[in-house]
Amino acid sequence: MVGLAYDLLANPQGAVRSTFEKAVASSGLDFDPASLDGKDWGALDLFRQFLFDQTHLSQVPILNGETIKWVQPNTLVRFRGMIQDMLGNEFYVGAFKDGDVWRTNKFMDVSHFPMPMASTSSPHMRVWERRLLYCVPVPGRNSWTEPSSELVVNRCVDCTSQQREKRRRMDDEPVDHMDMLVSDEGFQGSPSTKKMKEDGHPSVSSQTTEPINEGICSHMSMVPSIDSDSLPCLVKIYDSPESDLKLNDVFEFIGVLTFDSEVSMDKDDQDELSNGFSEDVLVHLPPNKVPRLHCLIHRKLTVPDFLHSSPIMELKPHVVKEIREALLRHLTAVLGDDSVAAHFMLLHLLSRVHTRVENIAVGKLSLNLTGFSKESVSLFGHRLSLAVKDLLPVTHCIPLTVEFLNSASLAPIKDYETNRLITGVLQLAEGSHLIVDETQLKAGTLNSVGVDNTRLLKNLMELQKVEYDFKYYKMEMAADVQLLIISEGKSNILPADIVIPFQPTSVDSSEVVAAEALEAWRWYLATVKSLPHSIESEMQKVVENDLVEARQSDRSIGSQDFNRWLTMGRLMSVSFGENCLSLEHWQMVKELERLRRERLK
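Residues numbered from 1 in each chain as written. Predicted model: local features only at pLDDT ≥ 70, side-chain atom pairs only at ≥ 80, totals over all residues. Heavy atoms only, no water.

Caption draft 1: Focus on a nonpolar patch on the surface. A surface patch of nonpolar side chains, about 450 Å² in accessible area, is lined by Tyr416, Tyr472, Tyr473 and Met475. On the basis of relative accessible area, methionine 475 is assigned to the partly exposed category, the value being 35%. (Patch = residues over 30% accessible without salt bridge, like charges linked within 9 Å, V, L, I, M, F, W, Y side chains within 5 Å. Areas by Shrake-Rupley, 256 points an atom, 1.4 Å probe, with all protein chains shown as cover. Salt bridge = Lys/Arg side-chain N within 4 Å of Asp/Glu carboxyl O. Buried < 20%, exposed > 50% of the residue type's maximum accessible area, 1.4 Å probe, protein only.)

Caption draft 2: Main features of the packing of aromatic side chains. By the definition in use, this model includes 12 aromatic pairs. Taking 5.4 Å as the distance between ring centres and 50 degrees as the angle between the ring planes, the aromatic pair formed by tyrosine 416 and tyrosine 472 counts as tilted. Taken as a pair, tyrosine 416 in the loop between strand S11 (413–415) and strand S12 (420–422) and tyrosine 472 in the loop between strand S14 (465–469) and strand S15 (474–478) lie far apart in primary sequence, 56 residues in all. Relative accessible area serves as the criterion here: at 64%, tyrosine 472 is assigned to the exposed category. An aromatic cluster of three or more residues is present, and its members are Phe20, Trp41, Tyr92, Phe107, Trp128 and Tyr238. Over the aromatic face of tyrosine 92 sits the side chain of arginine 130, whose NZ or CZ is 4.0 Å from the ring centroid. (Phe/Tyr/Trp six-rings, centres within 6.5 Å; stacked < 30°, edge-to-face > 60°. Helix = DSSP H or I, 4+ residues; strand = E, 2+ residues; numbered from the N terminus. Lys NZ or Arg CZ within 6 Å of the ring centre and 35° of its normal.)

Caption draft 3: Expanded view of the pairing of strand S4 (residues 233–237). With five of five residues buried, S4 is to be regarded as a mostly interior element. In S4, alternate side chains face the same way, and those of Cys233, Val235 and Ile237 on one face and Leu234 and Lys236 on the other are all buried. Direction of pairing for S4 relative to strand S6 (residues 292–300): parallel, over a ladder of three bridges. Within S6, the residue paired with lysine 236 across the bridge is histidine 294. (Pairing = 2+ DSSP bridges.)

Caption draft 4: Structural view of the confidence of the model for the protein chain. On average, residues of the protein chain score 81 in pLDDT, and 79% of them reach the 70 mark or higher. Taken as a whole, residues 224–228 scores under 50 in pLDDT and shows 11 contacts with residues more than four places along the chain or in a different chain. Between residues 262–283, whose pLDDT stays under 50, and residues either more than four places distant or in other chains, the model counts 32 contacts. (pLDDT = per-residue confidence, 0-100. Contact = heavy atoms within 4.5 Å.)

Caption draft 5: Seen up close, helix H12 (residues 559–575). In a regular helix each residue adds 1.5 Å, so 17 residues correspond to 24 Å; H12 covers 24 Å between its end C-alpha atoms and thus fits that length. A large share of H12 lies buried, amounting to 12 of its 17 residues. Its buried side turned inward, H12 meets helix H5 (317–334), helix H6 (339–350), strand S17 (498–501), helix H10 (515–528), helix H11 (537–553) and helix H13 (583–600). Backbone geometry just after H12 places glycine 577 at a positive phi near 80 degrees. (Expected span 1.5 Å × (residues − 1).)

What follows is the structure, given as structure tokens:
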């Protein structure tokens, strides 16, 4: 037989076994099973070539709450999500000797062949290790980032039809026991096959159930949530350094789906688990609760990866300038013709933490728009929240009230009884945008929870860090979240980098934004914000002289102001698609700061 006999989309496990058998056969009589511990034997190269070199990645369905109804178990899928919890490692029998033949259980939950009754220290059995990650859909991810459900479902239906047709054609062919296919009902194989259980510890995250108050937050995600349309996933990682995957990172995992909505855990299953490698049966979720994905390939996602429909353009100065001007006009219209606020809003949307110096998160630019009333926030606040949601992939909103502060779970907490991390409102993916609506904040008394939550929000604002509660100790985790505060007066709870009174002059906003324009703006924001930036020696002297002069004329100006101006200078440059600060753009920053200070008088 010539060539690979397995469909990499419909039967990836068959391809894994085939490459394993070839690796064993190539070693001849000198085969040492320990030589494959923690290593790949050519399977991953096969999938990388198929997916990327031969550009078949788009044929792999994305797993979500809708497509899980259509995709077949033991087929190749993609899952895009945030690492919400890291559940430790799991030991499994990775290779064993079946008579005279070596088999592998890698990238699967159950053995496809009868397992010998042997000790894990037997020379005929190799125990390997894999990492368990509990992943959830990216909290606050907006619907426009999702691929067309109809396209995905049609592809899944087509794949299912092709798989069934292939099975019908194979009915008349000799059965290859080395390639046991999966039927619509489950595994087709020997009834004596002994299933090998995993000892995963996935858990459904506990969610804050605070009611969403009327206001701008009713139109945006308030907390990281998993609703009926979302789907968590237990991802099993093989042979990857721990440093490659971190808590709250967003990844695309490509691998083998093992999920059966008809399976239930009975007492016998529980007993078998307790006699296996499982350490904590109480938090074990069966495959009918949370799908498993045995990861073959994983890649970290950035904002541009979510712009699947955006145009691919070059960063030519005139193109960037045109897009910038159009976006500024849009933001100005949204903000009632307040062009100064619109300019600051643009810089805010382009901000990100690009480095850290001691406790300073360099590059952040939080923004506090003041002057909102309960009436104006329903108009302008609503417009602004929708505009941000249309422009950025991941957005959230918090209605800051005394009741919310006193009851919300902002920090993730480790539950040692279930051995899992219970998520909190502030467990967010890198690059998330958070609007805090203070216009509903009334006088009241904060309890101990409220005081602690206030501190957590302030630390996120000032340090871009979130404190995780591990009961016996607390650990600060670095964050990169853009914060926008909407308030009547200057926020006393959240001291933003930029405070500017909002001064609209028009209530009309009849602008209809074309889809092409939205796509261009999304591409612009995602692309230019990641540009490298520097200040050449000549401009450094100009900036230093201006900072000294400003300090001499106003002794209240300090290092925080200098840092803010330098950040604004960088953001102004990249907003034009440029890598170096120019005198023109520095003058624009100084003029914006002058106009802002005039409003504060």
